[in-house]
Each structure stands twice: as C-alpha cells, then as structure tokens.
Amino acid sequence: MSELRNLGKVTDYKFEYSPDFLEAIENKNIGKNYFVKLTSEEFTCVCPITHQPDFAKIIIRYIPDEKLVESKSLKLYLTSFRNTGIFHEEVVNKIANDLIKLLNPKYLEVQGIFSVRGGIAINPFVNFGRDNFESFAQKRLMDYE
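Since we're looking at a predicted model, the values are computed, not measured.

J.: Hey, could you run me through the overall build of the protein in this one?
T.: Within the protein, the regular secondary structure consists of three helices and eight strands. The order of α-helices and β-strands along the protein, N terminus first, is β-β-β-β-β-β-α-α-β-β-α. Relative to the 2.2 N^0.38 estimate, which gives 15 Å for 145 residues, the radius of gyration of the protein is 16 Å and therefore close to what a compact globule would have. Seen through its C-alpha atoms, the protein measures out along the principal axes to roughly 45 × 40 × 20 Å. Going through the 145 residues of the protein one by one, you find that 42% of them count as buried. Once local pairs closer than 6 in sequence are excluded, the contacts in the protein between residues at least 24 apart make up 65%. Carbon and sulfur atoms make up 50% of the accessible area of the protein, which amounts to about 8,600 Å² in all. Placing the 19 positive and 20 negative side-chain charges of the protein at their respective mean positions leaves the two points 4 Å apart.

Following this line, the structure appears as structure tokens:
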C-alpha cells in the first residue's frame, strides 16, 4: 500500500484488487433514463501467466437507477488491479459484477480495450440489463464489434 499526501489529506492506494474502494452516491435524477459513461485510459493489471503488465482503456457505460458510482472511489478501485494477476476477460466481468452489486443499475456495460501483446488484441465486452433493459442488453451484445 502507498500513501499520497495532498493538502493535508491522505489517500491510501492499494495495488491488489479490492472492491472495498467502491462507493455509491444518490442519483438525484431518478425516473429519467440516461447514460453515464466513465473512461479510464490508464488501467493496468498483470498477466497471470507471464507476470508481464497489461495496459488497457476501460469504458463503463450505465443507466443508473437510485445510485451513481462516486468517481474517486472508482479511480481507486481500478488502481487496485495494478499488481493483480488476471485475464482480460475476467477483468471486465469482475468490474461489471462489482458495479452491479454496488449500484443495481438498469443497464451496465464494461469494455476493455487492451494493448496488443504477442500480436493479438483482446477487447472483451460484458453487459447486463434488468427489467425493461434486458432486450436492450441482448441487442447491444449482439451488435458489439
């Protein structure tokens, strides 16, 4: 764990996966359907086989219900993957599962755009829809490129 001191505040950074960082805040626009798009350009984790670093752009889109994810908590959460040995496909599913558990959104998708290693690009996508958004989720999944 590492500390960063900024204006008298201390922020603890964990570099092993920890969903404990995630926090939700109240959605003050309940009743409206709208997308929230969050992008992390500097996501890193470690290949569980080679132990080499993997770099990715992570894109999270969701239609909130009663809760929103607090952005600093998301940053700390994503940073917690830094030294975690995990496959690309597992990363996007873990992020999706943790956010679904935290937020219970109407719809959520997570896309990983990983840097090419070994001549192969791996760009997994996972999504979830509940209630009236199940068919929307199915269509988005089938249209994913």
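J.: How should the sheet that holds strand β4 (residues 36-46) be read in this particular structure?
T.: Through backbone hydrogen bonds, the strands of a sheet pair up, either in parallel or in antiparallel fashion. Sheet architecture is open: four strands sit in the order β4-β5-β7-β8, paired in antiparallel fashion. Every other strand in the sheet has two partners, leaving β4 and β8 (125-129) as the edge strands with one partner each. In this sheet, adjacent strand axes meet at a mean angle of 15° when their direction is disregarded. With five bridges connecting them, strand β7 (residues 107-114) and β8 associate as antiparallel partners. Paired with Gln-111 across the bridge in β8 is Phe-125.

J.: Teacher, can you tell me more about the packing of aromatic side chains here?
T.: Here the structure, examined in full by the defined rule, presents ten aromatic pairs. A centroid spacing of 4.3 Å and a plane angle of 15° characterise the contact between Phe-125 and Tyr-144, whose relative ring orientation is stacked. Of this pair, Phe-125 sits in strand β8 while Tyr-144 is found in the segment after α3 (134-143), placing the two residues 19 residues apart along the sequence. The class of Phe-125 is buried, set by a relative accessible area of 14%. For Tyr-144, a relative accessible area of 27% corresponds to the partly exposed category. Lys-94 extends its terminal NZ or CZ atom over the ring of Tyr-17, reaching a point 4.7 Å from the ring centre.

Conventions we followed
Residues numbered from 1 in each chain as written. Predicted model: local features only at pLDDT ≥ 70, side-chain atom pairs only at ≥ 80, totals over all residues. Heavy atoms only, no water. Helix = DSSP H or I, 4+ residues; strand = E, 2+ residues; numbered from the N terminus. Rg over C-alpha atoms; globule rule 2.2 N^0.38 Å. Buried < 20%, exposed > 50% of the residue type's maximum accessible area, 1.4 Å probe, protein only. Contact = heavy atoms within 4.5 Å. Areas by Shrake-Rupley, 256 points an atom, 1.4 Å probe, with all protein chains shown as cover. Lys, Arg positive; Asp, Glu negative; His and termini not counted. Charge placed at Lys NZ, Arg CZ, Asp CG, Glu CD. Pairing = 2+ DSSP bridges. Axes fitted to C-alpha atoms, helices over the stretch in contact; angles between N-to-C directions. Phe/Tyr/Trp six-rings, centres within 6.5 Å; stacked < 30°, edge-to-face > 60°. Lys NZ or Arg CZ within 6 Å of the ring centre and 35° of its normal.

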